[in-house]
Amino acid sequence: MDTPAAPQARYYSSLSDGSLECTLCPHRCRLAQGTIGICGVRKNDGGRLTLPYYGLASALSVDPVEKKPLYHFMPGSMVYSVGYVGCNLHCPFCQNFSISQSTEAEGVFLDPEALISEAKRLACPAIAHTYSEPIVHAEFVEESMRLARTAGLKSILVTNACASAEVATNLLSRCDAVNVDLKAWDPGFYTRELGGEIDAVLNFIRSAHDKGVHLEVTTLVIPGKNDTVSQIEGIASFLASLSRDIPLHLSAYRPMYRYNTPATSPESIHHLVERARKQLRYVYSGNVPGEVDVTLCSSCGASLVSRHAYAVDSSGLSGNLCSACGAQSPIRMF
């Protein structure tokens, strides 16, 4: 799999001692000859930073856009989803650890052109880069997004947002919608538990908002880790400082990978949703069985979109407007 013909990475510099510094994310891995970065997918091969897993898709699927989750972007549509291998974080509760924490997953190599062609064949209006961490495959994702835009398709990024400013700028300039995993409000949690830096994530979120990319944020609520009111209110306050209309998804955790903490209760999620709604207009619960999530018009209170699992009723919309009062909705229909 790893051959001298592996494509060359864009984000790195050569150091005087012969090693390379990867500039993809805050880790800035220094790689001696033959070594691989923390993400597991970027390698110093003869003084070149190479991409031995370029185009390796560990998962290909047609999903509801609500699964990303994106609630205010093309509701009810089906998107072509592609997953990769590797990650620059090491979350002990990762729900996709078999592909994020390993490069051994079975998959198929494809080029960006093939990805676009398959999405069009399946009549999907958008491609979502998701499941594991797409940022560590930035070069492939950027080219895919460029070709998607030319082909009239939308591009979605589901990400931990741990990227350098340069990478964030390049990805967001080609992206139509992003869901960022903001995993906690505590910088220490990012450092101790995940091996990451919260500042990079917050900067990515600011940049997405400033560039006009459709932005939603997800926090997996884990008992005893990030489930205090102060943690969730910190996240809500930060998002509200950018816009009160940014959707926040508070999802219930269940035991996974290296965590055996009991699952988050629906009651905890409901309480935190209500607290976050004091600062944000649109806060949704996730991974709560039987839940119905409704987006209301901020002008007249009518239902715009109702969701039960992945069944979506968007009859309250007339294009991008509220059917009841004609006010502009927060939903992007395209």
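Residues numbered from 1 in each chain as written. Predicted model: local features only at pLDDT ≥ 70, side-chain atom pairs only at ≥ 80, totals over all residues. Heavy atoms only, no water.

1. Quick word on the sheet that holds strand β3 (residues 30-31)
Here is step 1 of the chain: Taking strand neighbours across the sheet as the criterion, the three strands line up as β1-β2-β3 in an open arrangement whose pairing is antiparallel. Every interior strand has two partners, whereas the edge strands, β1 (12-14) and β3, have only one.
Here is step 2 of the chain: Both strand β2 (residues 20-22) and β3 contribute to a ladder of two bridges, which runs antiparallel. The partner of Glu21 across the bridge, within β3, is Arg30. (Pairing = 2+ DSSP bridges. Helix = DSSP H or I, 4+ residues; strand = E, 2+ residues; numbered from the N terminus.)

2. Some remarks on the pattern of salt bridges
If the charged atoms of two oppositely charged side chains come close together, the side chains can form a pair.
Here is step 1 of the chain: Scanning all chains against the criterion turns up 15 salt bridges.
Here is step 2 of the chain: For Asp63, the salt bridge goes to Lys67, with nearest N and O atoms at 3.8 Å.
Here is step 3 of the chain: Note on Asp63: relative accessible area 3%, which makes it buried.
Here is step 4 of the chain: Residue Arg121 pairs with Glu118 through a salt bridge whose shortest N-O separation is 2.7 Å. You can see Arg121 and its partner Glu118 sitting in helix α2 (residues 112-121), three residues apart, about one turn around the helix.
Here is step 5 of the chain: Among the charged side chains, a salt-bridge network with shared partners connects Asp63, Lys67 and Lys68. (Salt bridge = Lys/Arg side-chain N within 4 Å of Asp/Glu carboxyl O. Buried < 20%, exposed > 50% of the residue type's maximum accessible area, 1.4 Å probe, protein only.)

3. Comments concerning unusual backbone geometry
Here is step 1 of the chain: Omega for the peptide link from Lys68 to Pro69 comes to -10 degrees, which places this bond in the cis form.
Here is step 2 of the chain: With respect to the element layout, Pro69 can be found in the loop between β7 (59-64) and β8 (78-83).
Here is step 3 of the chain: We note that Ala161 has phi near 65 degrees; this positive angle belongs to a residue other than glycine.
Here is step 4 of the chain: On the secondary structure map, Ala161 appears in the loop between β11 (154-159) and α4 (165-172).
Here is step 5 of the chain: Positive phi is not limited to glycine here, since Tyr257 has a value of about 55 degrees.
Here is step 6 of the chain: In this structure, Tyr257 sits in the loop between β14 (248-252) and α8 (266-276).

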